[in-house]
Amino acid sequence: MNCIIVDDEPLGRKAIELLIQETPALHPAGSFGDAATAGLFLQQHPVDLVFLDIKMPGINGLDFARTIHRNTLVIFTTAYVEYALDSYEVDAIDYLVKPIEQERFRKAVEKAIVYHRLLTVETPSSSIESVIDDCMFVKAERRFFKIFFRNILFVEGLKDYVVIQTVDQRIITRMNLKSINELLPHNTFLRINKSYIVNTTHIESFDNNDVFIRKYEIAIGNSYREAFIEEYIKKNGINLL
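Residues numbered from 1 in each chain as written. Predicted model: local features only at pLDDT ≥ 70, side-chain atom pairs only at ≥ 80, totals over all residues. Heavy atoms only, no water.

Digging into the overall build of the protein chain
To keep things clear, this is the line we draw: Labels follow the DSSP assignment, with helices taken as runs of H or I lasting at least four residues and strands as runs of E lasting at least two, numbered in each case from the N terminus. Radius of gyration here uses only the C-alpha atoms, and the compact-globule reference equals 2.2 Å multiplied by the residue count raised to the power 0.38. Each residue is placed in one exposure class: buried if its accessible area under a 1.4 Å probe, protein chains only, is under 20% of its type's maximum, exposed if it is over 50%, and partly exposed if it falls in between.
Within the protein chain one finds seven helices and 16 strands. Taking 2.2 N^0.38 as the reference for a compact globule, 241 residues should give roughly 18 Å; the C-alpha atoms of the protein chain span a radius of gyration of 19 Å, in line with that estimate. C-alpha atoms of the protein chain, sized along the principal axes, occupy 55 × 50 × 30 Å. A burial count over the protein chain gives 46% of its 241 residues as buried.

Structural notes on the sheet that holds strand β3 (residues 49-52)
Basically, it comes down to this: In this analysis, strands are considered paired if DSSP registers two or more bridges between them. Lines are fitted to the C-alpha atoms to define the axes, a helix being fitted only along its stretch in contact, and any angle between axes, read from their N-to-C directions, falls within 0 to 180 degrees. Whether two residues are in contact is decided by their heavy atoms, any of which lying within 4.5 Å being enough.
The five strands lie next to each other as β2-β1-β3-β4-β5, forming an open sheet whose pairing is parallel. Of all strands in the sheet, those bounded by a partner on one side alone are β2 (27-32) and β5 (94-97). Averaged over neighbouring strand pairs, the angle between their axes works out to 20 degrees when direction is ignored. Sheet strands touched by helix α1 (residues 10-21): β1 (2-6), β2, β3 and β4 (73-78). Its angle to β1, the strand with the most contacts, is close to 160 degrees. Strand contacts of helix α2 (residues 35-44): β1 and β2, with the helix running at about 160 degrees to β1, the strand carrying the most contacts.

Quick word on the pairing of β2
Two faces belong to every sheet, and in a regular strand the side chains alternate between them. Threshold: With strands facing away from the observer, any crossover in which the path from the first strand over the helix to the second runs clockwise is taken as right-handed.
The pairing of β1 with β2 spans five bridges and is classified as parallel. Bridging from a neighbouring strand, V6 pairs with F32 of β2. In this fold, β1 hands off to α1, which returns the chain to β2; that crossover is right-handed.

Thoughts on the packing of aromatic side chains
Quick note on the threshold: Only centres within 6.5 Å qualify two rings of Phe, Tyr or Trp (six-membered ring in Trp) as a pair; their planes then separate them into stacked at under 30 degrees, edge-to-face at over 60, and tilted for everything else. Only lysine NZ and arginine CZ atoms are considered, and such an atom sits over a ring when it is within 6 Å of the ring centre and within 35 degrees of the ring normal.
The full count for this structure, using the stated rule, is nine aromatic pairs. For the pair F32 and F41, a centre-to-centre distance of 5.1 Å together with 50 degrees between the ring planes defines the contact as tilted. Residues F32 and F41 agree in their burial class; the two are buried. The interplanar angle of 80 degrees and the centroid separation of 5.6 Å between the aromatic rings of F206 and F228 together place this pair among those described as edge-to-face. Remark: F228 occurs in helix α7 (residues 225-233) and F206 occurs in strand β14 (residues 205-206); sequence separation between them is 22 residues. Ring pairing ties together the aromatic residues F154, Y196 and Y216, which thus form one cluster. Over the aromatic face of F148 sits the side chain of R150, whose NZ or CZ is 4.3 Å from the ring centroid.

Quick word on helix α5 (residues 102-120)
How we decide: The length a helix should cover is 1.5 Å for every residue beyond the first.
Taking 1.5 Å of rise per residue, the 19 residues of α5 would be expected to cover 27 Å, and the 26 Å separating its terminal C-alpha atoms lies within 8% of that figure. Within α5 the residues assigned to the buried category are F105, A108, V109, K111, A112, V114, Y115, H116 and L118.

Observations regarding the pairing of strand β13 (residues 196-199)
Judged by which residues are buried, β13 turns out to be covered on both faces: Y196 and V198 on one side and I197 and N199 on the other are all buried. As paired elements, strand β12 (residues 189-193) and β13 share four bridges and run antiparallel to each other. By the bridge assignment for β13, N193 is matched with Y196. A loop of two residues connects β12 with β13, the two strands running antiparallel in sequence.

Details of the nonpolar core
Note the threshold: Grouping buried Ala, Val, Leu, Ile, Met, Phe, Trp, Tyr and Cys residues that are joined through side-chain atoms within 4.5 Å yields what is termed a nonpolar core.
Counting 25 residues, the largest nonpolar core has I20, L26, L49, F51, I75 and F105 as the members making the most contacts within it. Mapped by element, the contributors of at least two residues to this core are β1, α1, β3, β4, α5 and β10 (161-166). With seven residues, α5 is the single largest residue contributor to this core. Not counting residues within four places of it along the chain, the set of residues in contact with L26 comprises M1, C3, I20, L49, F51, F105 and V109.

Right, dumping it as structure tokens:
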């Protein structure tokens, strides 16, 4: 994938450049200190992935992300954890907090590769074909998958697709998060931010900002926190005081 870096700090750009050099799947196409210059470059050159800082002079990363073509993926790279929830609003692929560890960078790139493949390779139509009792049949990759609701950890929205993460596999199908949310059992599944629906039976722990399911840490959106308190915390008799 052709990629660029947008970061106002030279040391920040250099750190990302070194990580890109160690990632064969990435081809560096440019490095920019501000969003305006990067925007001009994007108008003239095909770019698959942007590593984008958020807090920059002039146009900040969140505003710039809203102007980027939907087929160009964005991974935020920032020193500020508090912007993580905002990244969901602009359909960012991932959110990396500086200093960025190589393994964490690799996982973000792998996620970008999966979605890039969806955007560039013409795939047959896929969808949820039927919902019966305790399971649903999902069409993906020319096959029908029988997925039991109890085995779903969470569902993640990726623009025109959803990722259904079960206990032992990941299935990607063309559908939006709102549509699948209407099909899932509401006594078990709860939407906790713009991009995620979680199976509450698999929540292992939580705090005011995140829920933890196995190795996954998923942020609770500000506009979804009240529903989480009502539907999960109070139903389970948990006293937060």
